[in-house]
Amino acid sequence: MPRYFFDLLICGNPSRDVEGLVLDNDDAARSAVTGILHDVALATLPDGKPQTFVANVREHERGPLFRTTMTLVTEAQADALSGA
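Everything numeric here is computed off the predicted structure, so don't read it as measured data.

Criteria and cut-off values
- Residues numbered from 1 in each chain as written.
- Predicted model: local features only at pLDDT ≥ 70, side-chain atom pairs only at ≥ 80, totals over all residues.
- Heavy atoms only, no water.
- Helix = DSSP H or I, 4+ residues; strand = E, 2+ residues; numbered from the N terminus.
- Buried < 20%, exposed > 50% of the residue type's maximum accessible area, 1.4 Å probe, protein only.
- Contact = heavy atoms within 4.5 Å.
- Core = buried A, V, L, I, M, F, W, Y, C linked by side-chain atoms within 4.5 Å.
- Phe/Tyr/Trp six-rings, centres within 6.5 Å; stacked < 30°, edge-to-face > 60°.
- Lys NZ or Arg CZ within 6 Å of the ring centre and 35° of its normal.

### Observations regarding the overall build of the protein chain
Thought 1: Summing up its helical and strand segments, the protein chain has two helices and five strands in all.
Thought 2: Order of helices (α) and strands (β) in the protein chain, N terminus to C terminus: β-β-β-α-β-β-α.
Thought 3: A buried classification covers 29% of the 84 residues belonging to the protein chain.
Thought 4: Look at the contacts in the protein chain between residues 6 or more apart in sequence, and 44% of them connect residues 24 or more apart.

Printed below as a string of structure tokens:
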């Protein structure tokens, strides 16, 4: 089975995956990357500024395959600002 690597760019800070995950196929890698970005976003508590999380997915033999991007924006609601 192929080994996929998930190189991350978190708020401008790169992190290269040196271990990777052994997965069945590219579809499994697409599913895995959404969970990885979800977990990264939860671990990186938002400070009110928009944050962008990027995963560049590569496979051991074929190299780069695709990029997945998630942007997290926290906005105050009008009711919350007025205290209602």
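What follows continues from the structure just given.
### Topic: the nonpolar core
Thought 1: In terms of nonpolar packing, the biggest core is built from 14 residues, with Tyr 4, Phe 6, Leu 23, Ala 29, Val 33 and Val 57 touching the most fellow members.
Thought 2: At the level of elements, β1 (3-10), α1 (26-43) and β4 (51-59) are the ones that each hand at least two residues to this core.
Thought 3: It is α1 that contributes the most residues to this core, six residues altogether.
Thought 4: If near-sequence neighbours (up to four positions away) are discounted, Tyr 4 is found in contact with Asp 17, Gly 20, Leu 21, Leu 23, Asn 25, Asp 26, Ala 29, Val 57, Arg 58, Glu 59, Arg 62 and Leu 65.

### Some words on the environment of Asn 13
Thought 1: Considering the arrangement of structural elements, one finds Asn 13 in strand β2 (residues 13-15).
Thought 2: Among the residues examined, Asn 13 registers a relative accessible area of 51% and is labelled exposed.
Thought 3: In this structure the C-alpha to C-alpha distance between Asn 13 and Val 54, which are 41 residues apart in sequence, comes to 10.0 Å.

### Describing the packing of aromatic side chains
Thought 1: In this structure the tally under the stated criterion is zero aromatic pairs.
Thought 2: Its end group placed over the ring of Phe 66, Arg 30 keeps NZ or CZ at 4.7 Å from the ring centre.

### Here's the deal with the environment of Thr 71
Thought 1: Note that Thr 71 resides in strand β5 (residues 63-72).
Thought 2: Sequence spacing of Thr 71 and Phe 53 is 18 residues, and the spatial spacing of their C-alpha atoms is 6.2 Å.
Thought 3: When neighbours within four sequence positions are excluded, Thr 71 is seen to be in contact with Gln 51 and Thr 52.

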